[in-house]
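Structure assessment
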Amino acid sequence: MSAAASSPSLTPAARFDGRGWLVAPALVCLLAMFVYPFAYGLFLSFQPMEGGVFANYVKFFTDPTLWPTVLITLKLAVPATLINVGASIPAAFALRKSTRASKFVTMLLVVPVTLGTVLIADGMLTYYGPNGWFPQALHALHLYSDEVRLTHNYWGVLISLVISGFPFAFLLILSYVTGIDPTLARAAGTLGAGPWQQFRLIYLPLLVPGLTMAACLSFVQAFSVFPSAVLLGVPAGATRVVSIAAYEAAFESYDYSLASCVAIVMGFVQLLIVAGMLGARRAFYSGPTTGGKG
């Protein structure tokens, strides 16, 4: 028996490789920032202003102004996720080599992330609004004669989600693509595999974990849309998403219990979609997550 294992004076910090003192503060932060707010919101949702314990949930799923917001949010979040992740794959493969051009393009794609959804919405109102340069350019070039409406509708919110979400998904997928050893595909090429076969049989199985995580994070980001739905959409109609319903319940009706119920339903729907994507990942590949270089 080693001296370290038999020593009664071995502290927890030593057993955690010198970092055991971080465990307690980390648990406290986890409880304070995530567990307690969720538990408080869940408990508050079962304390309706009127009715029984489940009155808020009954109201949500029977009120024609509340439950459709889940479908509206899904109609925005799912296409935005598919577009962001789908477009990120060829972009990541095109920019996986470390060159000046790829670094410059990657730097430009980071700009929308730093701007935020509010500034993106403001820019879209300026450039894509009815009097913006894009509609005027289409009319001046005689490419489109009717009114161009890219804001204050469904398409304006979707475009905003793509602009703000694509760089985020691209950077995640780029990190996975650059971690795959290119000699694997070259070896498959020497055996007669074409570019599509190399992607389908080599790259795609190794990319599935990264694609899944990028899709999950992109979906959660798109599902929680609020500023874009208000500034670029129709918050009382086609783009009345779940977050708007929760805001109205809390700050217009002052029914914080119902607002907590809406937030819990919102989180539960996200959990179902994310769990489904993580479960579907197992159908592709269960080996190493990447084919590391070296």
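Small disclaimer: the values here were computed from a predicted structure and weren't measured.

Considering the overall build of the protein
- A count of helices and strands for the protein gives 14 helices and zero strands.
- Along its sequence from the N terminus, the protein presents helices and strands in the succession α-α-α-α-α-α-α-α-α-α-α-α-α-α.
- Looking at the protein as a whole, 36% of its 294 residues are labelled buried.
- Summarising the internal contacts of the protein: among those between residues at least 6 apart in sequence, 71% fall at separations of at least 24.

Examining the UniProt feature "transmembrane region" (unreviewed entry) in the protein
- Mapped onto the present numbering, the UniProt feature "transmembrane region" (unreviewed entry) falls on residues 21-46, 66-95, 107-128, 154-180, 201-223 and 256-278.
- Secondary structure across residues 201-223 divides into 100% helix and 0% strand, with the first and last C-alpha atoms of the span separated by 32 Å.
- End C-alpha to end C-alpha, residues 256-278 measures 32 Å, and it is 100% helix and 0% strand.

Some details on helix H9 (residues 154-177)
- Its 24 residues place the ends of H9 33 Å apart at the C-alpha level, agreeing with the 34 Å of an ideal helix rising 1.5 Å per residue.
- For H9, the principal kink sits at Gly165 and spans about 35°; a proline, Pro167, occurs within the next four residues.
- Among the residues of H9, the N-terminal cap falls to Asn153, whose side-chain oxygen and the backbone nitrogen of Trp155 are separated by 3.3 Å.

Here's the deal with a nonpolar patch on the surface
- Where nonpolar side chains cluster on the molecular surface, the patch consists of Val23, Leu27, Leu30, Leu31, Met33, Phe34 and Val35 and spans about 660 Å² of accessible area.
- Among the residues examined, Val23 registers a relative accessible area of 33% and is labelled partly exposed.

Regarding the nonpolar core
- Core analysis: the biggest nonpolar cluster contains 35 residues, and Phe60, Leu161, Val241 and Val265 have the highest contact counts within it.
- Elements with a minimum of two residues in this core: helix H4 (55-62), helix H5 (68-94), helix H7 (117-127), H9, helix H11 (195-223), helix H13 (242-251) and helix H14 (256-281).
- It is H14 that provides the largest number of residues to this core, a total of eight residues.
- With 19 residues, the next largest nonpolar core counts Ile89, Phe93, Val177 and Ala185 among its residues.

Description of the packing of H13 against H14
- Running from N to C, H13 and H14 cross one another at 165°; their axes reach a closest spacing of 7 Å. The orientation of H13 relative to H14 falls into the category roughly antiparallel. As for the relative orientation of H13 and H14, their crossing is left-handed in sense. The residues of H14 that touch H13, namely those facing Val242, Ser243, Ala245, Ala246, Ala249 and Ala250, are Tyr256, Leu258, Ala259, Val262 and Met266.
- Here the residues of the contact of H13 with H14 sort into ten nonpolar, one polar and no charged.

So, the packing of aromatic side chains
- According to the stated counting rule, one finds 17 aromatic pairs in the structure shown.
- Consider the rings of Phe46 and Tyr57, whose centres lie 5.2 Å apart with planes at 35°: the pair is tilted. Of the two residues, Phe46 is situated in the loop between helix H3 (23-45) and H4 and Tyr57 in helix H4; the sequence distance between them amounts to eleven residues.
- Counting every residue linked through ring pairs, the aromatic cluster contains Phe93, Trp196, Phe199 and Tyr203.

Observations regarding the pattern of salt bridges
- Within the structure shown, the criterion is met by one salt bridge.
- Between Arg240 and Glu248 there is a salt bridge, with its nearest N and O atoms 2.5 Å apart. Per residue, the accessibility class of Arg240 equals that of Glu248, and both read buried.

Remarks on the side chain of Ser260
- Its place among the elements puts Ser260 in helix H14.
- Looking at Ser260, the relative accessible area reads 15%, which means it is buried.
- Apart from residues lying up to four places away in sequence, Ser260 is in contact with Gly41, Leu44 and Ser45.

Describing the confidence of the model for the protein
- Averaged over all residues, the pLDDT of the protein equals 84, while 89% of them reach at least 70.
- Counted against residues more than four places away or in other chains, residues 1-8, with its pLDDT under 50, gives two contacts.

Structural notes on the packing of H5 against H11
- In the contact formed by H5 and H11, the axes pass within 9 Å of each other and the chain directions differ by 140°. On the basis of the axis angle, H5 is oblique to H11. Where H5 crosses over H11, the two elements pack in a sense that is right-handed. For the pair formed by H5 and H11, the contact residues are Thr73, Leu74, Ala77, Val78, Ala80, Thr81, Val85, Ile89 and Phe93 on the first element and Phe199, Tyr203, Leu207, Leu211, Ala214, Ala215, Ser218, Phe219, Ala222 and Phe223 on the second.
- Taken together, the residues that form the contact of H5 with H11 break down as 16 nonpolar, three polar and no charged.

Describing the environment of Ala187
- Along the polypeptide, Ala187 turns up in helix H10 (residues 182-190).
- With eleven residues separating them in the primary sequence, Ala187 and Gln198 have C-alpha atoms 9.4 Å apart.

Re the side chain of Asn84
- Looking at the element boundaries, Asn84 is found in helix H5.
- For Asn84, a relative accessible area of 2% gives the class buried.
- With residues near it in sequence (within four places) discarded, Asn84 still touches Leu161, Val162, Gly165, Phe166 and Ala169.

Quick notes on the rules
- Residues numbered from 1 in each chain as written.
- Predicted model: local features only at pLDDT ≥ 70, side-chain atom pairs only at ≥ 80, totals over all residues.
- Heavy atoms only, no water.
- Helix = DSSP H or I, 4+ residues; strand = E, 2+ residues; numbered from the N terminus.
- Buried < 20%, exposed > 50% of the residue type's maximum accessible area, 1.4 Å probe, protein only.
- Contact = heavy atoms within 4.5 Å.
- UniProt positions renumbered as here; feature names shortened; annotations may be inferred.
- Expected span 1.5 Å × (residues − 1).
- Bend = angle between axes of the 7 residues up to and from the residue.
- Polar contact = N/O pair within 3.5 Å; in protein donor to acceptor, adjacent residues only side chain to side chain.
- Patch = residues over 30% accessible without salt bridge, like charges linked within 9 Å, V, L, I, M, F, W, Y side chains within 5 Å.
- Areas by Shrake-Rupley, 256 points an atom, 1.4 Å probe, with all protein chains shown as cover.
- Salt bridge = Lys/Arg side-chain N within 4 Å of Asp/Glu carboxyl O.
- Core = buried A, V, L, I, M, F, W, Y, C linked by side-chain atoms within 4.5 Å.
- Axes fitted to C-alpha atoms, helices over the stretch in contact; angles between N-to-C directions.
- Parallel < 35°, antiparallel > 145°, perpendicular 65-115°, else oblique.
- Left-handed = near helix turned anticlockwise from the far one by under 90°.
- Nonpolar A, V, L, I, M, F, W, Y, C, P; charged D, E, K, R; others polar.
- Phe/Tyr/Trp six-rings, centres within 6.5 Å; stacked < 30°, edge-to-face > 60°.
- pLDDT = per-residue confidence, 0-100.

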